[in-house]
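What follows is each chain in one-letter form.
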Amino acid sequence: YFFRHGERWELQLKGSGKTPYSRNGDGRAVLRSSVREFLCSEAMHYLGIPTSRAASLVVSDDDVWRDQFYNGNIKKERGAIVLRLAKSWFRIGSLEILTHSGELDLLRRLLDFIIQEHFPSIAMNDSNRYLEFFSTVVSETANLIALWMSVGFAHGVCNTDNFSLLSITIDYGPFGFMDSYDPNFVPNTSDDERRYKIGNQASVGLFNLSKLLQALKPLLDPRQKQLASQILEGYGEHYYSRFTELFKAKLGLLGENENDNFLIAFLLKVSLPC
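Residues numbered from 1 in each chain as written. Predicted model: local features only at pLDDT ≥ 70, side-chain atom pairs only at ≥ 80, totals over all residues. Heavy atoms only, no water.

Undergrad: Honestly, empty space enclosed by the protein in this entry has me stumped. Any pointers?
TA: Empty pockets left among the atoms are what a rolling probe the size of a water molecule brings to light. What the rule picks out here adds up to one cavity of 30 Å³ or more. Taken together, Thr141, Leu144, Trp148, Asn162, Phe163, Ser164, Ser167 and Ile168 form the lining of the largest cavity. Counted by class, the lining of the largest cavity contains four nonpolar, four polar and no charged residues. (1 Å grid on protein atoms, 1.4 Å probe; cavity = no way out; pocket = protein on both sides within 12 Å on 5 of 7 lines; lining within 4 Å. Points joined across faces, edges and corners; volume = space filled by probe spheres on them. Nonpolar A, V, L, I, M, F, W, Y, C, P; charged D, E, K, R; others polar.)

Now the structure itself:
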């Protein structure tokens, strides 16, 4: 942990070696991807988009073998380690795995810790605290993805392990920025099915939030489950409202006009690549 101006930040090393969560990977990172993460996370911060931060980057003496283009051509590359920071590294997957393994007591303890540490507006003695937590994550996730879209940012791997419970941008892997608007833009060369193309990010966000709801359900009573489902149904409206707000600001549109949405859609279509 690192404390700055009374705030607690969690430190994490990317590329330092194997961890219990490395599965079959070597836990290393190459220099090119480390530089990209360092620069992009800082750029996103200064663009006003919630994100992890990069504190330092050091070059490793280790050789790392990577198939950069997933074409069977493995090459030796220079390794590197990035020290990155976030208020929390807990993800939707952090709760999913506990529910899947039936560790419900640990799930409840972890949720209470996350709420107490990072959601101060939610009272710990509130019987609806998990519902309030879910509602906040739904609206903030919609806000985050709308912000991504406003700068043409495609994350590249939008699975539940890469979606923060604090709704910040984490785990910069095969990300990319569009040069011109293209809903089929895919920055991940291994994503043959285009699952995580930029035009899918909002719907993938909804899918991940539905997985979060499944993880929370063992801790909710029947009434809370019903309310949580209604909250999830409101995700699309949250996203569309924030998306429209951001693009209207880009165009300098003031007030409300029924033709605003048509103009935004028209201008995006005009910018489609030939």
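Undergrad: Teacher, can you tell me more about helix H6 (residues 222-233) here?
TA: The α-helix advances 3.6 residues per turn, and as a result positions three or four apart in sequence lie on the same side. The end-to-end C-alpha distance of H6, which contains twelve residues, comes to 17 Å, matching closely the 16 Å that a straight helix rising 1.5 Å per residue would cover. Along H6, the positions that sit buried rather than exposed are Gln224, Ala228 and Leu232. The arc enclosing the buried residues of H6, seen along the axis, measures out at 80°, which places them on a common side. Exposed and oriented more than 90 degrees from the buried face of H6 are Pro222, Gln226 and Glu233. Buried residues belonging to H6 abut helix H4 (129-150), helix H5 (201-216) and helix H7 (235-251). For H6, the side-chain oxygen to backbone nitrogen distance between the N-cap and Arg223 is 3.1 Å, and the N-cap itself is Asp221. (Helix = DSSP H or I, 4+ residues; strand = E, 2+ residues; numbered from the N terminus. Expected span 1.5 Å × (residues − 1). Buried < 20%, exposed > 50% of the residue type's maximum accessible area, 1.4 Å probe, protein only. Arc of directions from axis to C-beta. Contact = heavy atoms within 4.5 Å. Polar contact = N/O pair within 3.5 Å; in protein donor to acceptor, adjacent residues only side chain to side chain.)

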